[in-house]
Structures are given as structure tokens and as C-alpha cells.
Amino acid sequence: MKYVVRAVASGVVSVLANWFVISAGLRIGLRLAGLMLLLPIYLWIQIFPSFYNRRLPSALRNSADGCELLQIFGISTLASAVLNVAGWCGVLSVPSLGDSFGKWVLSIIFTVLIEGLVFWNGIIRIYITSVQLGMKWRIIGIVCGMIPIVNLVVLFILVRKVTKEVRVEYNKAAMDEQRKGEMICDTRFPILLVHGVFFRDYKNFNYWGRIPKELEKNGAHIYYGKHGSAASVEESARELDARIRQIVKESGCGKVNIIAHSKGGLDCRYAMAELGTAPYVASLSTINTPHRGCKFADFLLSKVPVSGQRRIAETYNAALRKMGDEKPDFMAAVMDLTSAACEARNKLLECQEDYQNEVFCQSVGAKLNKPSGGRFPLNFSYFLVKHFDGENDGLVGVESFSWGEKYQLVSVKGKRGISHGDMIDLNRENFDDFDVREFYVEMVHELKKLGL
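Residues numbered from 1 in each chain as written. Predicted model: local features only at pLDDT ≥ 70, side-chain atom pairs only at ≥ 80, totals over all residues. Heavy atoms only, no water.

**A look at the pairing of strand β4 (residues 281-287)**
This is how the line gets drawn: Exposure categories follow from relative accessible area, calculated using a 1.4 Å probe and restricted to protein chains: below 20% of the type maximum is buried, above 50% is exposed, and the middle band is partly exposed. Helix and strand definitions here come from DSSP, where helices need a minimum of 4 consecutive H or I residues and strands a minimum of 2 consecutive E residues; each element is numbered from the N-terminal end. For two strands to be treated as a pair, DSSP must find at least two bridges joining them.
Judged by how many residues are buried, β4 sits mostly within the fold: seven of seven residues are covered. In this sheet, β4 lies alongside strand β3 (residues 256-261) in parallel orientation, the contact comprising six bridges. Residue pairing in the sheet places H261 in a bridge with I287 of β4. With five bridges connecting them, β4 and strand β5 (residues 360-366) associate as parallel partners. Counted as the bridge partner of I287 is V364 from β5.

Listed below in C-alpha cells is the structure:
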């Protein structure tokens, strides 16, 4: 209601400004005086559309102000349009500056100018500051901007999305502030985040989205794996073993709590069982890790000719080297994700994973409810993976996730579901039934309660 009241008030200002422009019943001096009185109000609305939003953090404040400006634009434009149409049709009689046609043309030009400034001020603010709009809705907004009626529908959707984002983020910030002194993620041992295949967790890309910052707000001490993006499980494990020993030596922390996503979980298991890393690990939590591999990967490798595999590998390796990898090995990484490779590795590690008596081990999986719920390319690969692996997260079948003494499958109601990328906040997307940042806060809080 508060938004409507302010928008209506702004509409009144717009109509009054129009009146002062087109009314010849007033002397020129009075018209100018009226416009000069309304000018500060107009400028104030442009800069500070809401006192209520002053309490928000700067990024949220700009998004909220942008939404309010667009609502002001909608209502004040409607009020001005009614005035102009009524005058154009002769319903509204106003002392004329000249002929009727010229008077209302002048009014329309004036309306376009003052409302245009409000609109662009609002749209630029939300385009620059909003996270949840994403590229999709930004492009839709641009493409549909010149289509009558459609542009109003799209504008309504944009405002609704950003308003919801502001509300969610404000509530999130308020909750963090409320529990700030509790330090619920201040675990005995620091958190080591281990990324999956074909990505990096430092330099040029933030693999874990908003998760690390949220954990740190609640007291967590974060480290990153910093290993290569594409290598065999054995090679990645060696890098992680060296990294963990370095962290323990330099920080004196004794052990680390590992949270590993996708292939990172396989790398960590190998390091702990084969390379003697287990004494330096307090817990291992695997996220959407293909412990039993991906049958879909077996199928692809059996169908793609060796020459084709080589070309694909060379292309990926060249791109990965540009990202900072010294010796990327695309094919080694892919081969180690097949169900055949994982089955052989599991047999090798079985008798050596007695470290689980000392290390708390758990796993988490997720699934998409419908392919349309995931973002490209996972909405496409979902069909193919389902044919071989059943229900999946767009890359890995649900049956492959479980490992350790505790397992949790994450999903939401409706068509969306949770994808492989959603579990690391890859798209920085908010869900109605799943808060990925809070999920990790609760996970780390549980580790703290276990004394880890």
C-alpha cells in the first residue's frame, strides 16, 4: 500500500506539472512559479523515491528504489495519459495556449520527457544492481521494450522479481545480523571448499557463488582447494593432499572440514584412502558427487570416435590452459567419471576407507523435477542422463550420490527441482522452497555441534 500511495502522489505531481504547462488561464509568471515549486519535488523523487528504503544496504537500496521508480512511472504515466486523452477528445476543457491540437501535443511531449526520466532512472537501477533478473529477463526487457502492452506486462514481471529479491535479501541480512554474535559456523576446524571438474575456485571465477560469504558472516574460516580444473582423480587427489598439508602446517589448525562438490568428492576420497590425507581431515561432506559414476559418460565414450574425443579434448585443454591450468587433461577427467572407472575405484578404496571410523563422512544429492526446471545446458542433458541413470540433477543420477554414514537428497516442490549447478549457487538464484546459502550454514552448524 505504501508504494501505491507514493506512486499516486507522484502521479498528482505529474498531472499538476502538465496543467501548468498547458493552462493559459494562468499568467506565464504563475505557470513558471508553479513548475519551479514542483521541480524540487520531482528531483527529490528521482534521487530518493523512498525514505523506507534508506534502511537497506546500498545494493538492495538501489534495487528497491528502482522498483519504486518504475511503480511511480506506471501510475503517474497512467494519470497523465488519462489527462491527455480526455483533453484530446474534448472531454476536459482547459483554457488554451493556442489551438487545441498544439496544446495537447505540447502536453504529450512534456509527459514523455518527465516520465521517461523516471522510467530510465528506475530501469537502469534494477538492471545494474539486481542479481535475480539474470541475463534472460534483461534481454526480454530490452526486446519487448518497444512493443505496446507487452512492455507493460514485462515491466510488471521485472518489478515483481526485483521486489521479491529485495525482500528475500533483506530478511536474509536481518537474520544474519540477529545471530551475528552466535557465530554458528565457527567450527573447531576450518572449512575447505573443493570444486568439481572443469571449473576453478580462484582466479577469474567464484565457483561457490554467495556461499562462502554467507558462511564467513556466521563465523566460518574458509579455504579453497586451488587445484586444477581437469585432471584424473589420482592427480587431483595429489594436489589436494599437498594443499591440505600446507593449510594444516601454515595455520596450525590440525585438521580441516572438507565440503567437496561433484568430482571433488572422488578426489578427496582417493587422497584420504591412498595418499594418507585422512589424519588431517575432520569431516568430508560430498555434494552431488558421482560415487558410482555416470552411465551416460560410458555411453558417450563408447559412441564418440577416438579422433573426435581427441579434438574435443584439445579444444577444452586449450581453453583451460588460458584459465590458468598448467597441465589440463580433459579425457583423464572424463574417463574417471564413468561408472566403470568408479566401480573399479570403489573396489580399490573399500578396504582402505577405514578412516571413516575417525572421520565424519556424509553425502548430499539433489534432483531436478522436470528438465525445464534447470538452466541450459542441464535442462538439455537431463533427458539423456535420465535414459541411462534415472532421476538426476542434470548430470548425475540420484542413485550415485549416497556415501558415508549420513545421506540427504535435496529437492523442492513443483517443476523446478535443484540442479547440479544450483547446489553450489552457480547462478546465484533464489528459490521459494530452498535457500542454498542457509543449507550450507546449517550443514556447517551441524559440524560445529559435533565438535568438528
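From this point, things continue past the structure.
**What about a nonpolar patch on the surface?**
The condition that has to hold: Each patch is assembled from residues with relative accessible area greater than 30% and no salt bridge, linking like charges that lie within 9 Å and nonpolar side chains (Val, Leu, Ile, Met, Phe, Trp, Tyr) that lie within 5 Å. Working definition of accessibility: Shrake-Rupley area with a 1.4 Å probe, residue cover restricted to the visible protein chains. One side-chain nitrogen of Lys or Arg within 4 Å of one carboxyl oxygen of Asp or Glu is enough to make a salt bridge.
A contiguous nonpolar patch, built from W120, I124 and I128 and spanning about 370 Å² of accessible area, is present on the exposed surface. Looking at the secondary structure, you find W120 in helix α4 (residues 100-129). For W120, a relative accessible area of 53% corresponds to the exposed category.

**Concerning helix α11 (residues 306-322)**
Rules: Here, expected helix span is obtained from the residue count minus one, scaled by 1.5 Å. Should any heavy atoms of two residues lie within 4.5 Å, those residues are counted as being in contact.
Here α11 spans 24 Å end to end across 17 residues, near enough to the 24 Å set by a 1.5 Å rise per residue. In this fold, the buried residues of α11 make contact with α10 (295-303) and α12 (330-335). G324, located one to two residues past α11, shows a positive phi value of around 120°.

**A look at the sheet that holds strand β1 (residues 191-194)**
For clarity, the cut-off: Each axis is a line fitted through C-alpha atoms, and for a helix only the stretch in contact is used; angles between axes span 0 to 180 degrees, taken between their N-to-C directions.
In spatial order, the strands read β2-β1-β3-β4-β5-β6; together these six strands make up an open sheet with parallel pairing. Whereas interior strands pair on both sides, the edge strands pair on one side only; in this sheet they are β2 (222-224) and β6 (406-410). Across the sheet, the mean angle from the axis of one strand to that of its neighbour is 20°, orientation sign disregarded. Most of the contacts of helix α8 (residues 233-251) go to β2, to which it runs at about 145°, and overall it touches β1, β2 and β3. Contacts from helix α15 (residues 436-449) reach β1, β3, β4, β5 and β6, with the element oriented near 165° to β5.

**So, the nonpolar core**
Applicable threshold: Nonpolar core, defined: a set of buried Ala, Val, Leu, Ile, Met, Phe, Trp, Tyr and Cys residues in which side-chain atoms within 4.5 Å join the residues together.
Residues I258 and Y355 are the most contacted members of the largest nonpolar core, which totals 33 residues. In contact with I258, not counting residues within four places along its chain, are L192, V194, I244, C268, V281, S283, L284 and S285. Core analysis: the second largest hydrophobic core is formed by 32 residues, L215, I259, F439 and Y440 among them.

**Quick look at the confidence of the model for the protein chain**
What counts here: A score from 0 to 100, pLDDT tells how confident the predictor is in each residue.
Scored by pLDDT, the protein chain has a mean of 80; 78% of the residues are at 70 or more. Ranking the helices and strands of the protein chain by mean pLDDT puts β3 first, with 96, and helix α1 (residues 2-22) last, with 55. Confidence drops under a pLDDT of 50 for residues 95-99, and excluding neighbours within four residues, the segment shows 12 contacts in the predicted structure.

**Some details on the side chain of H261**
Structurally, H261 is set in strand β3. The buried category is assigned to H261, whose relative accessible area is 2%. Not counting residues within four places of it along the chain, the set of residues in contact with H261 comprises V194, H195, G196, Y207, W208, I287, N288, T289, H420 and I424.

**Brief notes about α10**
Rule in force here: Relevant arc is that of directions from the helix axis to the C-beta atoms, nothing else.
Of all the residues in α10, the buried ones are F296, A297 and L301. The buried residues of α10 occupy an angular sector of 130° when projected down its axis, which confines them to one face. The exposed residues of α10 that point more than 90 degrees off its buried face are S302 and K303.

**What to know about the pairing of β3**
Here is the rule we go by: The crossover handedness rule: strands pointing away from the viewer, path from first strand over the helix to second strand clockwise, crossover right-handed.
Summarising burial for β3: six of the six residues are buried, a large majority. Burial along β3 is two-sided: V256, I258 and A260 and N257, I259 and H261, pointing in opposite directions, are all buried. Sheet topology note: the β1/β3 ladder contains four bridges and is parallel. Pairing of V194 across the sheet is with A260, part of β3. Note that the unit made of β3, helix α9 (residues 263-274) and β4 has a crossover that is right-handed.

**Notes on the packing of α8 against α9**
To keep it simple, the criterion reads: In what follows, roughly perpendicular refers to angles from 65 to 115 degrees, roughly parallel to angles under 35, roughly antiparallel to angles over 145, and oblique to any angle outside these ranges. Gly is placed with the polar residues, together with every amino acid not listed as nonpolar (Ala, Val, Leu, Ile, Met, Phe, Trp, Tyr, Cys and Pro) or charged (Asp, Glu, Lys and Arg).
Running from amino to carboxyl end, α8 crosses α9 at an angle of 70°, the nearest separation of the two axes being 8 Å. Accordingly, the angle class assigned to the pair α8 and α9 is roughly perpendicular. Note on element contacts: α9 touches α8 through K263, L266, D267, C268, Y270 and A271, opposite V233, E234, S236, A237 and L240. Taken together, the residues of the contact of α8 with α9 break down into seven nonpolar, one polar and three charged.

**Points about the packing of aromatic side chains**
Rule in force here: Any two rings among Phe, Tyr and Trp, with Trp reduced to its six-membered ring, count as a pair given centres within 6.5 Å; such a pair is stacked if its planes are under 30 degrees apart, edge-to-face if over 60, and tilted if neither.
One pass over the structure, following the stated rule, counts eight aromatic pairs. Geometrically, the ring pair formed by F431 and F434 is tilted, given 6.4 Å between the ring centres and 50° between the ring planes. Between F434 and F439, the ring centres sit 5.8 Å apart and the planes meet at 55°, which makes this aromatic pair tilted. For F434, a relative accessible area of 9% puts it in the buried group. For F439, a relative accessible area of 10% corresponds to the buried category.

**Some words on the pattern of salt bridges**
Tallied over the full model, the rule gives 20 salt bridges. In this structure, E169 engages R437 in a salt bridge whose closest nitrogen and oxygen atoms are separated by 2.9 Å. Highlighted residues: E169 in helix α6 (residues 150-178) and R437 in helix α15, separated in sequence by 268 residues. Judged on exposure class, the residue E169 and its partner R437 are both buried. The salt bridge partner of K449 is E446, with a shortest N-O separation of 2.9 Å. Linking K449 with E446, this pair stays in helix α15, spanning three residues, or about one helical turn. Connected through salt bridges with shared partners, the residues K172, D176, R179, E214, K217, D435 and E438 form a single ionic network.

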